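Residue-level structural notes
The primary structure of each chain is shown beneath.
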Amino acid sequence: MKKVKIKICGVKNTITLDCCSENHINYFGLIFYNRSPRNIDVENAYNLINYIKNIKLIPVGVFVNHKFNNLIEIIKRLNLSHIQLHGDEDNNYISKLKNNTDIKIIKAIGIKDKNDLLKIKMYSNIDYYLFDYKGSKTELPGGNAKSFNWSILKYAKIDKPWFISGGININNVSEILKNLNPYGIDISSGVEDQPGIKNTKKINEIMNIVNA
C-alpha cells in the first residue's frame, strides 16, 4: 500500500511551512476565501510559495465559487500546479479551467450520507476528490472541525484518487489509517490553536502517528 499523502490546509506563515518541510508533508493549502479565518491574499501567498521553491512541498490554491477570470490570474501569478474547488463549481466551470490551464483540480464534495457519494459522477474532468463534512448553509465550506461518518467510504467504489477531510486530529487520524485507503489526508483545524493559527507541535504529533 502506498504511503498516504498529507495536506496541511490554511497555511499563513513560514513557521508552519518550515514544520511542513521538516515533516516531509506533501501539500499545503492557501485559502483564497474572504469569509475564512484562514484567508490569505495573493502577495502573501506569492511570498510563501517563493519561500519553498526549492522544497518538495506543493502549494494548493483553495477557492470557493471564485470569479473565473480572477482565478485564472491567480493561477498564473502564483504558477500554481494544483487548486482545490470548495464551492458549487460545476463541470462546465471545471472544463473551462482545464481548457485554459494545465492545472490539477481537487474537487471537494460534502458528505452527510452515502447518497452524497453519487455526486462524484458529476465531475468527469477533475483529478482528485476531497470528501469533507457537509455543513449547513450557515457554516463555512470546510474548516469546521467536524467529521462525517467515514465508514461511508470504506467499501465505496471511487474512480479517482481521493482526500479525506473534516475534523481530523491526533485522536482520530489512526482510525483513517486503519480502516480506509485514501490517497491523501487533509488536515486544518486539527493542528490549530484557534481558526487560522497553526500549532507546530500538533503538526509534529499528528505526523508521528502517520509515520508510525
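Note that residues are indexed from 1 along each chain, following the sequence as it is written. Per-residue local features of the predicted model are confined to residues with pLDDT of at least 70, and side-chain atom pairs are confined, for both listing and counting, to 80 or more; whole-chain, interface and lining totals are unaffected and use all residues. Excluded from the side-chain calculations are hydrogens and water; all other atoms, namely the structure's heavy atoms, are used.

The next thing to look at is the overall build of the protein. Per the secondary structure count, the protein includes 6 helices and 10 strands. What the globule rule says is 2.2 Å times the number of residues to the power 0.38, and the radius of gyration is computed from C-alpha atoms. Whereas a compact globule of 212 residues would reach a radius of gyration of roughly 17 Å, the protein reaches 16 Å, a difference of no more than 12%. Projected onto the principal axes, the alpha-carbon positions of the protein cover approximately 40 × 40 × 35 Å. Here, two residues are considered to be in contact whenever any of their heavy atoms come within 4.5 Å of each other. Partitioning the intrachain contacts of the protein with sequence separation of at least 6 by distance along the chain shows that 53% fall at a separation of at least 24. The protein chains shown are the only cover counted for residues, whose accessible areas, like all others here, come from Shrake-Rupley with a 1.4 Å probe. Taken as a whole, the protein presents about 10,900 Å² of accessible surface, with 46% of it coming from carbon and sulfur. For helices the rule is a DSSP run of H or I covering at least 4 residues; for strands it is a run of E covering at least 2, with both sets numbered from the N terminus onward.

For the rest of this paragraph, the subject is unusual backbone geometry. Phi at His-24 is positive, roughly 55°, even though this residue is not glycine. Its location among the elements puts His-24 in the loop between helix H1 (14-22) and strand S2 (27-32). Think of it in three bands: with a 1.4 Å probe and only protein chains considered, a residue is buried below 20% of the maximum accessible area for its type, exposed above 50%, and partly exposed in between. According to the relative accessible area criterion, His-24 is exposed, its value standing at 67%. Of note in this structure, Asn-65 is not a glycine but carries a positive phi near 50°. By the secondary structure assignment, Asn-65 is in the loop between strand S3 (58-63) and helix H3 (68-78).

For the rest of this paragraph, the subject is the packing of aromatic side chains. Any pair of Phe, Tyr and Trp rings, taking the six-membered ring for Trp, is counted once the centres come within 6.5 Å. Such a pair is stacked with planes under 30 degrees apart, edge-to-face with planes over 60 apart, and tilted for the rest. By the definition in use, this model includes 8 aromatic pairs. Where Tyr-129 meets Phe-131, the ring centres are 5.8 Å apart and the plane angle is 25°; that geometry is what we call stacked. Each member of the pair, Tyr-129 as well as Phe-131, is classed as buried. Within the aromatic cluster, the residues linked to one another by ring pairs are Tyr-27, Tyr-128, Phe-163 and Tyr-183. Charges are assigned to positions over rings by a cutoff of 6 Å between ring centre and Lys NZ or Arg CZ, combined with an angular limit of 35 degrees from the ring normal. The ring of Tyr-46 is capped by Arg-77, whose NZ or CZ atom sits 4.0 Å from the centre of that ring. Looking at Lys-96, its charged tip hangs above the ring of Phe-68, at a distance of 4.4 Å from the centre.

Moving on, we come to helix H4 (residues 91-100). Of the residues making up H4, those classed as buried are Tyr-93, Ile-94, Ser-95 and Leu-97. Against the buried residues of H4 lie H3, strand S4 (82-85) and strand S5 (104-111). Its side-chain oxygen placed 3.2 Å from the backbone nitrogen of Asn-92, Asp-90 serves as the N-cap of H4. Throughout this description, a polar contact denotes any pair of N or O atoms lying within 3.5 Å of each other; where both atoms belong to protein, one of them has to be capable of donating a hydrogen while the other can accept it, and for residues adjacent in sequence the pair is counted only when both atoms sit in side chains.

Moving on, we get to the packing of helix H2 (residues 42-51) against H3. To define axes, lines are fitted to C-alpha atoms, for helices over the stretch in contact only, and angles between the resulting N-to-C directions are given on a 0 to 180 degree scale. Between H2 and H3, the least distance of the axes is 10 Å, while the angle of their chain directions is 30°. When the interaxial angle is binned, H2 and H3 end up roughly parallel. The handedness of the crossing between H2 and H3 comes out as right-handed. On H3, the residues that touch Val-42, Glu-43, Ala-45, Tyr-46 and Ile-49 of H2 are Ile-74, Arg-77 and Leu-78. Of the residues belonging to the contact of H2 with H3, the class tally is 6 nonpolar, no polar and 2 charged. Oblique is the label for any angle not under 35 degrees, not over 145, and not in the 65 to 115 range, which are roughly parallel, roughly antiparallel and roughly perpendicular in turn. Crossings are assigned a handedness: left-handed for a near helix turned anticlockwise from the far helix by less than a right angle, right-handed for a clockwise turn. The residue classification treats Ala, Val, Leu, Ile, Met, Phe, Trp, Tyr, Cys and Pro as nonpolar and Asp, Glu, Lys and Arg as charged. All others, Gly included, are polar.

For two strands to be treated as a pair, DSSP must find no fewer than two bridges joining them. The 8 strands are arranged S1-S2-S3-S4-S5-S6-S7-S8 in a closed barrel whose pairing can be described as parallel. Taking the axes of each pair of neighbouring strands and ignoring which way they run, one obtains an average angle of 25° across the sheet. As paired strands, strand S1 (residues 5-9) and S2 are joined by 3 bridges and run parallel to one another. From the neighbouring strand, Cys-9 faces S2, where its bridge partner is Gly-29. Packed onto the sheet, H4 meets S4 and S5 and runs at close to 165° relative to S5.

Think of a salt bridge as a Lys or Arg side-chain nitrogen and an Asp or Glu carboxyl oxygen that are within 4 Å of each other. Within the structure shown, the criterion is met by 9 salt bridges. A salt bridge links Lys-107 to Glu-89; the shortest N-O distance between them is 3.5 Å. Taken as a pair, Lys-107 in strand S5 and Glu-89 in the loop between S4 and H4 lie far apart in primary sequence, 18 residues in all. A relative accessible area of 3% places Glu-89 in the buried class. Taking the shortest distance from any N to any O, the salt bridge between Lys-119 and Asp-116 comes out at 3.3 Å. Of the residues examined, Asp-116 reaches a relative accessible area of 6% and is grouped as buried.

Keep in mind these numbers describe shape, not what the thing actually does.
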